[in-house]
Amino acid sequence: MNVQAVAKGVRMSPRKVGVVAALVRGRSVADALVILDHTPRRSADPVYKAVASAKANAEHNHNLKPDTLKIVEISVSPGPRLKRYRPAARGRALPFMRRTSHIRVVVTGEERVSKKQVAAAASTKKKEAK
């Protein structure tokens, strides 16, 4: 089952965030979190948070085993740009854009067997044995 998490409006350029996202693409979630924790770039923090959020969604909302989680897809797309002006010589103003990013992380893994299912399976085996 695929589980996703999206971080929207991250105030960093998609080009810079994409470099960090490429480091963890296709890896297990545990490995990705260790790599991102030790990556010395400013964009590693929002990518870490997005991966951790996808892991939490998978564990709590979709009942997946945390050990088996793997990143299926991690994509960075441009968000809205904020148009700003920088003062220049002779009273001019030069335009520039503050770029934003959207980070989308999709993880997959094995479904955890709930205690209710285990108890039900055990009770049916007992009934069949009698």
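Participant: Outline unusual backbone geometry, supporting the account with residue identities and numerical values.
Facilitator: With a phi close to 60 degrees, Asn63 is a non-glycine residue in the positive phi region. Position of Asn63 relative to the elements: it lies in the loop between α3 (44–61) and β2 (70–78). Phi is positive for Arg90, close to 60 degrees, though the residue is something other than glycine. Mapped onto the elements, Arg90 comes out in the loop between β3 (82–87) and β4 (93–98).

Participant: I'd like a rundown of the sheet that holds strand β5 (residues 101–108), residues and numbers included.
Facilitator: If you walk across this open sheet you meet the three strands as β1-β5-β2, and the pairing is antiparallel. In this open sheet, the two edge strands, each paired with only one partner strand, are β1 (2–10) and β2. Averaged over all pairs of adjacent strands, the angle between their axes in this sheet comes to 15 degrees, without regard to strand direction. Note: β2 against β5, eight bridges, orientation antiparallel. Across the sheet, residue Ile74 finds its bridge partner in β5, namely Val105. Along the sheet, helix α1 (residues 14–24) makes contact with β2 and β5, crossing β2 at roughly 170 degrees. Packing against the sheet, α3 makes contact with β1, β2 and β5, and its axis sits at approximately 145 degrees to β1.

Participant: Can you break down the packing of helix α2 (residues 29–37) against α3 residue by residue, with the values?
Facilitator: Relative to each other, α2 and α3 sit at 160 degrees, their axes nearing to 9 Å. By the angle class used here, α2 and α3 are roughly antiparallel. As for the relative orientation of α2 and α3, their crossing is left-handed in sense. Residue-level inspection shows Val29, Ala32, Leu33, Leu36 and Asp37 of α2 in contact with α3, the latter providing Ala44, Val47, Tyr48, Val51, Ala52 and Lys55. Residues belonging to the contact of α2 with α3 are distributed by class as follows: nine nonpolar, no polar and two charged.

The rules behind these values
- Residues numbered from 1 in each chain as written.
- Predicted model: local features only at pLDDT ≥ 70, side-chain atom pairs only at ≥ 80, totals over all residues.
- Heavy atoms only, no water.
- Helix = DSSP H or I, 4+ residues; strand = E, 2+ residues; numbered from the N terminus.
- Pairing = 2+ DSSP bridges.
- Axes fitted to C-alpha atoms, helices over the stretch in contact; angles between N-to-C directions.
- Contact = heavy atoms within 4.5 Å.
- Parallel < 35°, antiparallel > 145°, perpendicular 65-115°, else oblique.
- Left-handed = near helix turned anticlockwise from the far one by under 90°.
- Nonpolar A, V, L, I, M, F, W, Y, C, P; charged D, E, K, R; others polar.

Structural measurements only, silent on function.
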